[in-house]
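# Architecture at a glance
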2 protein chains.
Amino acid sequence: MSWMGGSASTGVTGLERRLARRILEASGDPRLRLVLWNSEELRLSDAPALGRVVLRERRVLRDLLLAPGSNGLGDAYASGALEIEGDLPSVLKLAFAAPRRATPLRRAAWAWQLWRRRSRSRSKARANVHHHYDLGNDFYARWLDRSMSYTCAYFPTPTASLEEAQIAKHEHVARKLWLRPGERVVEAGCGWGSLALHLARAHGARVTAYNISSEQIRYAREQARAQGLSDRVEFREDDYRNIAGSYDAFVSVGMLEHVGPENYRRLGRVIDRCLAPDGRGLIHSIGRVARRPMDPWISRHIFPGAYAPTLEQMVAILSKRDFAVLDVEDLRLHYEKTLAHWLERFEKNAAEIERRFDARFVRTWRLYLAGSQASFHTSSLQLWQVAFARSRSNAIPWTRAKLYAREA
Amino acid sequence: MSWMGGSASTGVTGLERRLARRILEASGDPRLRLVLWNSEELRLSDAPALGRVVLRERRVLRDLLLAPGSNGLGDAYASGALEIEGDLPSVLKLAFAAPRRATPLRRAAWAWQLWRRRSRSRSKARANVHHHYDLGNDFYARWLDRSMSYTCAYFPTPTASLEEAQIAKHEHVARKLWLRPGERVVEAGCGWGSLALHLARAHGARVTAYNISSEQIRYAREQARAQGLSDRVEFREDDYRNIAGSYDAFVSVGMLEHVGPENYRRLGRVIDRCLAPDGRGLIHSIGRVARRPMDPWISRHIFPGAYAPTLEQMVAILSKRDFAVLDVEDLRLHYEKTLAHWLERFEKNAAEIERRFDARFVRTWRLYLAGSQASFHTSSLQLWQVAFARSRSNAIPWTRAKLYAREA
């Protein structure tokens, strides 16, 4: 089995060529090219090429075939052993657009990954969050919008700017919560505080916001001081499981992905405990149509402990505590666009980011941003906002027309 | 156990009085009174009475205690052995507002009713539908709106008329389906055809509508002829399981309640089979926050074979076939208002309906309409509209703003 052996030789064996062609066929798109380490180009047709995947080393072929999920692609791309020529998100969209056949082996692997006990205890959760969110506020400031919102934006029109779309998202959430001045809001997982600050500033809410990332909490508190909102927004460096008090609204934007299915019941109990009888709630989360584990490469390098729930799982968190779902909206294509904006800004600052970290870090993050964009485009990820209230409450909006009123 | 015996004596024993008081306490509302067959009135407090439940015969007490669900209440009310004084829906709202404790016995009964094999084969489905929908178009015309829409209306404002609200519902559904002129729509369970006719008339759609009620189909075809729409709407007297062809939109308003959970997978396959790659779909159905069997009295006298699914079950019908849920809206309070309109019209024609049927029929339907109104008010029933598309389709609306545009 010489093809699995050393890499001194640049020759390509017949077996290697057949295996490489099989990878290309699996993607199924005639506009993709696969280039081997001897510069030999494989193609499915003579259609104009949209992108080329270049295997610079023969071991990459083995990794692509044998590593689970996108581990092979991810590691090879991060190290530079695999290069993608052409517009990265576009090429990944082609690669991801192929129907993912749920072979028995793949199903078994998914099931194992889903049922394997994952620890998202308070201490482990803190470590997971630290891994991702404490890379330094400076790093995120290079490619997020001014408000430092690191969740799907809401573009009233596709041409809105990212800054406009993040404000529009905050406003969309506020309207779905039907906030009135002076109401008490609790936010579970507040990031750098942009939504909490918006709800206090634009809606007169009194907000208590929880987050276990110390870097983010520090930044959010500074912002509250700078904006004169410290009396109306309290940022607590604490776990959502410790939420205490009673609130008119519960909101969580982009935290559920880090909660983990084994804690869904507990999250439901937390919401039940803290929400007033006529309170309203909203959960905004990445999701999936079918139960699948997180991509292992993303899990390892980007989001340890993350899991994207199905809509059935999101609804069950609520229905088990007798909350009725009032409104669900899928914002999948808005996340694709959000990621396109992030990637564009990231690329503008790539040289600087590489100086602070290294080339591998830049390539890892580039692939994560472009790959996520492709995942929302091809619908392997969804983004759902789920609004709810206690089922017995009749203090619910009559229609949704006010969400779309012009005073926006 | 004299209280369970004959009814010649009008005396009330101590045991009977204690049991009656327990029923009153279970309802928990101090504004309710319970009047026994000897005219003795029981009350929890001296708060002003909002309604009185009068047991005219001693056997009613036994039936209230022993018959499952609302069988005791339903049969006694229908026969006149139990009378409700005061505004019927208001009194039922009080009675239904008490928290329904899920005792182990009750859970076991629910589970048994849920898992018992119910036949909704094509022939049985036809018999079930005939029982309810073929009472005569004249009967329904006495209390439905002009368009003969027998599903939850959509009131743009709470003061809209029923006629306006049914047209608004058709328009709301059409917008959620994102219909364009000339598109092909299939409707599963079309009632008297009002939605199908609206989609053809106002949106230029070509509609194929299925229904197994022969009375309804006959009426719908007449309407199509009268409105000059026969070339654009085809009414087929056939089961949804026989839907054939390919369509740009699938819509089903108020049929899922009759499908039964054992057929949900099959319904999913039917939608998958008939929807074009970029097609859109909408299912509008009564639902419940938690899994519960249909009330047995309603099952027996009004809707044989009916079942109201949870939102999780509705979503699963779609996700199992790789459809992504794009939009969910809870219209529970709109159904409460729809039923209030129906009951008001029903009462105006009660004397005439009684002449055609009999007093028991009128009392049965009055209780059904008032009780349903109370059930939506107290949230033991929900009404969800679920819009969806194939998960891989990117031909989906960018936002929902157009649903609320003024050209309505």
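As the structure is a computational prediction, the values presented were derived from the model and not from experiment.

On a plain count of helices and strands, chain A comes out with 16 helices and 11 strands. In terms of overall size, chain A behaves like a compact globule, its C-alpha atoms giving a radius of gyration of 23 Å where 408 residues would be expected to give roughly 22 Å. Expressed as lengths along the three principal axes of its C-alpha atoms, the size of chain A is roughly 70 × 45 × 40 Å. Counting across all 408 residues of chain A, residues that qualify as buried make up 49%. Sequence-distant contacts in chain A: of pairs separated by 6 or more residues, those separated by 24 or more amount to 73%.

Residue and element names in this part refer to chain A. Across the interface, helix H8 (residues 162-177) lies against helix H9 (residues 194-203) with an axial gap of 10 Å and an inter-helix angle of 65°. The orientation of H8 with respect to H9, classified from their angle, is roughly perpendicular. The chirality of how H8 crosses H9 is right-handed. Counted together, Gln-166, His-170, Val-173 and Ala-174 of H8 and Ser-194, Leu-195, His-198, Leu-199, Ala-202 and His-203 of H9 form the full contact between these two elements. Grouping the constituent residues of the contact of H8 with H9 by class yields 5 nonpolar, 5 polar and no charged.

Take the domain arrangement of chain A next. Residue and element names in this part refer to chain A. What the domain assignment lists for chain A is domain 1 (2-99) and domain 2 (122-404). Of the residues lining the interface, 15 residues belong to domain 1; the matching set on domain 2 comes to 19 residues. For the side of domain 1 that touches domain 2, the secondary structure elements donating two or more residues are helix H3 (71-79) and helix H4 (88-97). When residues in the side of domain 1 that touches domain 2 are grouped by element, the largest group, 6 residues, is from H4.

Okay, the relation of the copies chain A and chain B next. Superposing chain A onto chain B takes a rotation of 180° plus a shift of 0.0 Å along the axis, which leaves an RMSD of 0.0 Å. This pairing of chains is accounted for by a two-fold axis. Most of the interface of chain A is mirrored in chain B: 100% of its interface residues are interface residues there too.

This paragraph deals with the sheet that holds strand E4 (residues 82-85) of chain B. Pairing between the strands of a sheet is mediated by backbone hydrogen bonds and can be parallel or antiparallel. Residue and element names in this part refer to chain B. A sheet is described by the order of its strands in space; here 4 strands give the open sequence E2-E1-E3-E4, paired in mixed fashion. The sheet is open, and its two borders are formed by strand E2 (41-43) and E4, each paired with just one other strand. Averaged over all adjacent pairs, the angle separating strand axes in this sheet is 20°, with direction ignored. With 4 bridges connecting them, strand E1 (residues 32-35) and strand E3 (residues 51-55) associate as parallel partners. Within E3, the residue paired with Leu-34 across the bridge is Val-53. Lying on the sheet, helix H4 (residues 88-97) is in contact with E1, E3 and E4; it crosses E3 at an angle near 85°.

What follows covers helix H10 (residues 214-226) of chain A. Residues three or four positions apart in an α-helix share a direction because the helix packs 3.6 residues into each turn. With 13 residues, H10 of chain A should reach 18 Å at 1.5 Å per residue; the first-to-last C-alpha distance of 18 Å fits that figure. Positive phi shows up at Gly-228 of chain A, right after H10 of chain A, with a value of about 65°.

So, on to the interface of chain A and chain B. With 31 residues of chain A at the contact, the number on the chain B side is 31 residues. Where the side of chain A that touches chain B is concerned, the elements lending two or more residues are helix H13 (311-319) and strand E10 (323-330) of chain A. No other element matches E10 of chain A, which puts 7 residues into the side of chain A that touches chain B. When its residues are assigned to classes, the side of chain A that touches chain B shows 16 nonpolar, 8 polar and 7 charged. Of the pairings in the sheet, the one linking E10 of chain A to strand E10 (residues 323-330) of chain B comprises 3 bridges and is antiparallel in character.

Moving on to helix H13 (residues 311-319) of chain B. Within H13 of chain B, 8 of the 9 residues are buried, leaving the element largely enclosed by the surrounding structure. The complete set of buried residues in H13 of chain B reads Leu-311, Glu-312, Met-314, Val-315, Ala-316, Ile-317, Leu-318 and Ser-319 of chain B. For H13 of chain B, the secondary structure elements touched by its buried residues are H13 and E10 of chain A together with helix H11 (264-274), strand E9 (275-287), E10 and strand E11 (382-390) of chain B.

For the rest of this paragraph, the subject is the nonpolar core. Grouped together as the largest cluster of nonpolar side chains are 225 residues, with contacts concentrated most on Val-325 of chain A together with Val-325 of chain B. Residues in contact with Val-325 of chain A, not counting those within four places in the same chain, are Val-315, Leu-318, Val-386 and Phe-388 of chain A together with Leu-311, Val-328 and Asp-330 of chain B.

Residues and elements named next belong to chain B. Axis separation between H4 and helix H16 (residues 359-377) bottoms out at 8 Å; the angle between their running directions is 50°. Relative to H16, the element H4 lies oblique. In this structure, H4 crosses over H16, and the sense of that crossing is right-handed. The residues of H16 that touch H4, namely those facing Leu-88, Pro-89, Leu-92, Lys-93 and Phe-96, are Arg-366, Ala-370, Gly-371, Gln-373, Ala-374, Ser-375 and His-377. When grouped by side-chain class, the residues that make up the contact of H4 with H16 number 6 nonpolar, 4 polar and 2 charged.

Residues and elements named next belong to chain A. Topologically, Phe-96 is positioned in helix H4. What makes Phe-96 buried here is the crowd of 20 C-beta atoms within 10 Å. Considering only alpha carbons, one finds Phe-96 and Gly-28, 68 residues apart in sequence, at a separation of 9.8 Å. When sequence neighbours within four positions are dropped, the list of residues in contact with Phe-96 reads Ala-374, Ser-375, Thr-378 and Ser-380.

Residue and element names in this part refer to chain A. If you walk across this open sheet you meet the 4 strands as E2-E1-E3-E4, and the pairing is mixed. Strands with a single pairing partner mark the edges of an open sheet, and in this sheet they are strand E2 (41-43) and strand E4 (82-85). Recorded for the sheet is a direction-independent mean angle of 20° between the axes of neighbouring strands. Sheet strands in contact with helix H1 (residues 14-27) are strand E1 (32-35) and E2, and its direction is about 160° off that of E1.

Atomic detail in the predicted coordinates should be set aside for any region of low pLDDT. Residues and elements named next belong to chain A. Confidence along chain A averages 91 in pLDDT terms, with 92% of residues attaining 70 or more. Low pLDDT, under 50, characterises residues 1-8; the stretch is placed with 9 contacts to residues that sit more than four places away or in other chains. Two numbers describe this predicted complex: its pTM, 0.93, and its ipTM, 0.93.

This next bit is on the pairing of strand E7 (residues 233-237) of chain B. All names here are of chain B. In this structure, strand E6 (residues 206-211) lies alongside E7, joined through 5 bridges in parallel fashion. Note that in E7 the partner of Tyr-210 across the bridge is Arg-236. One crossover worth recording links E6 to the parallel E7 by way of helix H10 (residues 214-226), and it is right-handed.

Rules used in this analysis
- Residues numbered from 1 in each chain as written.
- Chains lettered and ligands numbered in written order.
- Predicted model: local features only at pLDDT ≥ 70, side-chain atom pairs only at ≥ 80, totals over all residues.
- Helix = DSSP H or I, 4+ residues; strand = E, 2+ residues; numbered from the N terminus.
- Rg over C-alpha atoms; globule rule 2.2 N^0.38 Å.
- Buried ≥ 20, exposed ≤ 12 C-beta atoms within 10 Å, placed from the backbone.
- Contact = placed C-beta atoms within 7 Å.
- Axes fitted to C-alpha atoms, helices over the stretch in contact; angles between N-to-C directions.
- Parallel < 35°, antiparallel > 145°, perpendicular 65-115°, else oblique.
- Left-handed = near helix turned anticlockwise from the far one by under 90°.
- Nonpolar A, V, L, I, M, F, W, Y, C, P; charged D, E, K, R; others polar.
- Domains from an automatic or database assignment.
- Least-squares fit on C-alpha atoms with pLDDT ≥ 70 in both.
- Pairing = 2+ DSSP bridges.
- Expected span 1.5 Å × (residues − 1).
- Core = buried A, V, L, I, M, F, W, Y, C linked by C-beta atoms within 7 Å.
- pLDDT = per-residue confidence, 0-100.
- Right-handed = clockwise from strand over helix to strand, strands pointing away.

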